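A look at the structure
Letter by letter, the chains look like this.
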Amino acid sequence: MDIKNTVTKKGAFSVSDKDISSAVINRLPRYYRYLGDLLDNDVVRISSKELSEKMHVTASQIRQDLNNFGGFGQQGYGYNVEYLYNEIAKILGLDRKYDMVIVGAGNIGQAIAGYTDFEKRGFKVKRIFDINPTLFGQTIRGILIDDVANLEDYIKDNNITIAALTLPKNQAVTMANNLVKWGIKGIWNFAPIDLRLPSNVKVETVHLSDSLMRLSYNIREMEEDKDV
Ligand code: NAI
């Protein structure tokens, strides 16, 4: 039996994303990363048991997660790695390209601009904007730092979908509201503030310090367990 036909017939997108828990959506990038590594190592197929051992999650968790989108697996065969990788890419919206700007060319803005892996995933940083004239005209990895006064026109003229917000907290809300007005669809927010925006704009906030606090919690728990 042809696995592609089998899984396609099941209909990967028969369930609307709204019905799927955010916990499942949060796990998908991790599946995608692992499958990408397997592909890089020329692995053609993998059982849910093997995948579960690699990822340290249960095989039934993997099956349950993927069943939300129609399954993709086949009894006795497991998963076709490339097919599953591509299907998860589609679910994550990675089968298209996103043009992006960075607003705030400080430490974080420059670090993001300098990182090439986002581009490999289809997120292309087209330009960086800042308010500080001493930065105008400089480039990072060939990407120009421009005057934030030109941001509105640049977004409108270049069909920019995503803006990374890497400016001070006290500038973030005003800037985010402007970005919404100018047609941005997604904000990748690094400023330490929760943005409340209309539902036609998606916000993903990154808090490195939350991750550090989880680390400190786990260290504390581990140390307390040792004391018992
Ligand atoms: P930074 O001070 O190095 O850079 C901020 C840049 O924004 C500066 O170049 C400044 O000229 C520019 N800027 C200020 N107002 C602007 C405006 N209205 N329009 C355009 N550009 C403007 O700051 P850094 O270290 O890069 O941090 C950026 C933001 O990220 C801050 O809000 C900081 O609190 C936050 N942050 C977030 C972390 C996270 O885990 N999400 C971790 C560390 C910092």
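Residues numbered from 1 in each chain as written. Predicted model: local features only at pLDDT ≥ 70, side-chain atom pairs only at ≥ 80, totals over all residues. Heavy atoms only, no water.

**A few points about the confidence of the model for the protein**
The predicted model of the protein averages 88 in pLDDT, with 90% of residues at 70 or higher. Here residues 1-17 scores under 50 on pLDDT; set against residues more than four positions off or in separate chains, the count is 28 contacts. (pLDDT = per-residue confidence, 0-100. Contact = heavy atoms within 4.5 Å.)

**Here's the deal with a nonpolar patch on the surface**
A cluster of nonpolar side chains, namely Leu212, Leu215, Ile219 and Met222, defines an oily patch on the protein surface of about 390 Å² accessible area. Given a relative accessible area of 57%, Leu212 falls into the exposed group. (Patch = residues over 30% accessible without salt bridge, like charges linked within 9 Å, V, L, I, M, F, W, Y side chains within 5 Å. Areas by Shrake-Rupley, 256 points an atom, 1.4 Å probe, with all protein chains shown as cover. Salt bridge = Lys/Arg side-chain N within 4 Å of Asp/Glu carboxyl O. Buried < 20%, exposed > 50% of the residue type's maximum accessible area, 1.4 Å probe, protein only.)

**As for the pairing of strand E4 (residues 123-130)**
With six bridges joining them, strand E3 (residues 98-103) and E4 adopt parallel strand pairing. Paired with Ile102 across the strands is Ile128, a residue of E4. Across three bridges, the pairing between E4 and strand E6 (residues 143-147) is parallel. What sits directly across from Phe129, in E6, is Asp146. (Pairing = 2+ DSSP bridges. Helix = DSSP H or I, 4+ residues; strand = E, 2+ residues; numbered from the N terminus.)

**Let's talk about the environment of Trp182**
Residue position: Trp182 is located in the loop between helix H9 (169-181) and strand E8 (186-189). Residues Trp182 and Leu151 lie 31 residues apart in sequence; the distance between their C-alpha atoms is 9.0 Å. With residues near it in sequence (within four places) discarded, Trp182 still touches Leu151, Glu152, Ile155, Lys156 and Met175. Among the polar contacts listed, one links the side chain of Trp182 to the side chain of Glu152, at a separation of 3.4 Å. (Polar contact = N/O pair within 3.5 Å; in protein donor to acceptor, adjacent residues only side chain to side chain.)

**Focus: the site of the ligand**
Taken together, 22 residues form the shell around the ligand, and within it Ile108, Asp130, Leu167, Val206 and Leu208 come nearest. At a separation of 2.9 Å, a nitrogen atom of the ligand approaches a polar backbone atom of Phe190. One of the backbone N or O atoms of Leu208 is found 2.5 Å from an oxygen atom in the ligand. If the ligand stood free it would expose 860 Å²; the protein chains cover 74% of that surface. Counting residues per element, the ones that place at least two in the shell around the ligand are helix H6 (107-114) and H9. With three residues, the single largest contributor to the shell around the ligand is H9. Here the shell around the ligand is built from residues that sort into 13 nonpolar, seven polar and two charged. (Near = heavy atom within 4 Å. Nonpolar A, V, L, I, M, F, W, Y, C, P; charged D, E, K, R; others polar.)

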